Amino acid sequence: MRNTTSKTHFRWVVAFMFFIVYMIAGADRANIGVVVPFIKEDFHLSNVDIGLLASLFYITYALVQIPIGLAYSKFGIGKILSLSMILTSISTLFIGLASNIFQLKLARALLGASEGPINIGIISIINRWFPAKEKGLATGIFMSSIKFAPAFVPPLCALIIMQWGWREVFYIFSIPGIIIAILWLFFIKDDPTESKYCNEQERSYITNN
C-alpha cells in the first residue's frame, strides 16, 4: 500500500533555532559598543584599552576555529554548541561583574573563545539538515541573524541603562543564551536520522534533493 504520510518540516524549526542562537551571540558581541562610554568612565580607560578589548575578542575567536572543527568531528555538534552558548552567557555575565581592567579584558577574551565554535557548528548543521537546493536559503537565514542583532541591541541597551545601569546590560543579556542552549540540547540533533521530530519522508527529501 502506498505511504501517503506527509513529510514533516522540522528542518525549519532547526533554522529558526540557529537564527536565534547566532542572533543572541551577535547581541552579546555588540552590546559592549553601546556601553563603552560608561565603561571608559568607570575604569578610566584610554582609547588604546578600548581597542584592545575589541582585539582580544577577535584573537581568541580566531584561535579556536581549527581545534573546534576537530572537536566537532570527534564529539559531535550538539553538546559542544550548547556548551559554547552557555560559556558565551557566562562570559557576558563576567563583563558586567568585572571590577578592574584585567577582569574586563579577560572576560572579553573568554567571550571570543566561547563564541568561536558557534558559526562552524551552525554551518555543519545546515549541511546535514538541508537538501542542496535549500542550503542557500538556510545559509541566508543564518547570515541574517548576525545583522539582525545590531537592529535591536542599541535601543534595548539604552533602555536598560536608563532603568538600571550599564552592568545590568550584561546581566540581562547573559540569560537568553543559557535558555537557548538547553532547548538546543534537548530538541536539535546533529543529524535528521537522530531526530524523533523528523520523519522518514523528510529525511528522504533532505537526502535526495
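Conventions and cut-offs
- The numbers attached to residues start from 1 for each chain and follow its sequence in the written order.
- Whole-chain, interface and lining totals are the exception, using all residues; otherwise, since this is a predicted model, local features are given only for residues with pLDDT of at least 70 and side-chain atom pairs are given and counted only at 80 or more.
- Side-chain measures here rest on the full set of heavy atoms in the structure, leaving out hydrogens and waters.
- A helix here means a DSSP run of H or I that spans at least four residues, while a strand means a run of E at least two residues long, and both kinds are numbered starting from the N terminus.
- Exposure categories follow from relative accessible area, calculated using a 1.4 Å probe and restricted to protein chains: below 20% of the type maximum is buried, above 50% is exposed, and the middle band is partly exposed.
- Here the open area of atoms and residues is found with the Shrake-Rupley method and a 1.4 Å probe, where only the protein chains shown may cover a residue.
- Positive charge is attributed to Lys and Arg, negative charge to Asp and Glu, and no charge count is given to His or to the chain ends.
- Note on charges: their place is set at NZ of Lys, CZ of Arg, CG of Asp or CD of Glu.
- When a carboxyl oxygen of Asp or Glu is within 4 Å of a side-chain nitrogen of Lys or Arg, the pair counts as a salt bridge.
- When checking whether two residues touch, look at their non-hydrogen atoms; a contact exists if any pair is within 4.5 Å.
- Axes, fitted as lines to C-alpha atoms, cover a helix only where it is in contact. Angles between the N-to-C directions of the axes lie from 0 to 180 degrees.
- Each angle is binned into one of four classes, with values under 35 degrees roughly parallel, values over 145 roughly antiparallel, values of 65 to 115 roughly perpendicular, and all other values oblique.
- Should the near helix be turned anticlockwise from the far one by less than a right angle, the crossing is termed left-handed; should it be turned clockwise, right-handed.
- Three categories are distinguished: nonpolar for Ala, Val, Leu, Ile, Met, Phe, Trp, Tyr, Cys and Pro, charged for Asp, Glu, Lys and Arg, and polar for the others, with Gly belonging to the last.
- Expected helix span is given by 1.5 Å per residue-to-residue step, counting one fewer step than there are residues.
- Polar contacts here mean pairs of N or O atoms no more than 3.5 Å apart (in protein, one a potential hydrogen donor and the other a potential acceptor; neighbouring residues in sequence count only if both atoms are side-chain atoms).

Trainee: What exactly am I supposed to notice about the overall build of the protein here?
Mentor: Looking only at helices and strands, the protein has eight helices and zero strands in total. Seen in sequence order, the protein has helices and strands lined up from the N terminus as α-α-α-α-α-α-α-α. Referenced to the eigenvectors of the C-alpha coordinate spread, the extents of the protein come out at roughly 75 × 35 × 25 Å. In the protein, buried positions account for 47% of the 209 residues. Here the protein displays about 10,600 Å² of accessible surface, and carbon together with sulfur accounts for 68% of that area. In the protein, which carries 17 positive and 12 negative side-chain charges, the distance between the mean positions of the two groups comes to 7 Å.

Trainee: Got a minute to help me understand the pattern of salt bridges in this structure?
Mentor: Oppositely charged side chains can pair when the atoms bearing their charge come close. In the structure shown here, the tally under the stated rule is five salt bridges. Residue glutamate 202 is joined to arginine 11 by a salt bridge in which the shortest nitrogen-to-oxygen separation is 3.1 Å. With a gap of 191 residues between them, glutamate 202 in helix α8 (residues 200-208) and arginine 11 in helix α1 (residues 10-43) connect regions that are remote in the sequence. Note on accessibility: glutamate 202 and arginine 11 belong to one class, buried. Aspartate 49 is the salt-bridge partner of lysine 105, the closest N and O atoms lying 3.5 Å from each other. Taken together, the residues lysine 105 in helix α5 (residues 101-129) and aspartate 49 in helix α2 (residues 47-63) connect sequence positions 56 residues apart. For the pair formed by lysine 105 and aspartate 49, the shared burial category is buried.

Trainee: For this particular structure, what's the right way to read the side chain of arginine 203?
Mentor: Assignment of secondary structure puts arginine 203 in helix α8. On the accessibility criterion, arginine 203 (19% relative accessible area) is buried. Sequence-distant contacts of arginine 203, defined by excluding residues within four places in its chain, comprise Pro192, Thr193, Ser195 and Cys198.

Trainee: Hey, could you run me through the packing of α1 against α2 in this one?
Mentor: Pairs of packed helices are described in terms of their axes, by the angle between the two and the distance that separates them. Direction vectors running N to C along α1 and α2 enclose 165°, while the axes themselves pass 10 Å from each other. Accordingly, the angle class assigned to the pair α1 and α2 is roughly antiparallel. As for the relative orientation of α1 and α2, their crossing is right-handed in sense. Here α1 contributes Tyr22, Arg29, Ile32, Val36 and Lys40 to the contact with α2, which in turn contributes Asn47, Ile50, Leu53, Phe57, Tyr58 and Tyr61. Per-class residue counts for the contact of α1 with α2 are eight nonpolar, one polar and two charged.

Trainee: Please clarify how α5 should be interpreted in this entry.
Mentor: An α-helical turn contains 3.6 residues, so a residue and the one three or four places further along point in the same direction. For α5, spanning 29 residues, the distance from its first C-alpha to its last is 43 Å, which sits close to the expected 42 Å at 1.5 Å a residue. For α5, the N-terminal cap is asparagine 100; the gap from its side-chain oxygen to the backbone nitrogen of phenylalanine 102 is 3.1 Å.

Trainee: When you look at unusual backbone geometry in this model, what are you seeing that I'm missing?
Mentor: As a rule of thumb, non-glycine residues mostly have phi less than zero, and peptide bonds are mostly trans rather than cis. Positioned with a positive phi, histidine 44 is a non-glycine residue whose angle comes to about 55°. Locating histidine 44 in the fold gives a position in the loop between α1 and α2.

Any functional reading would require information that these geometric values do not contain.
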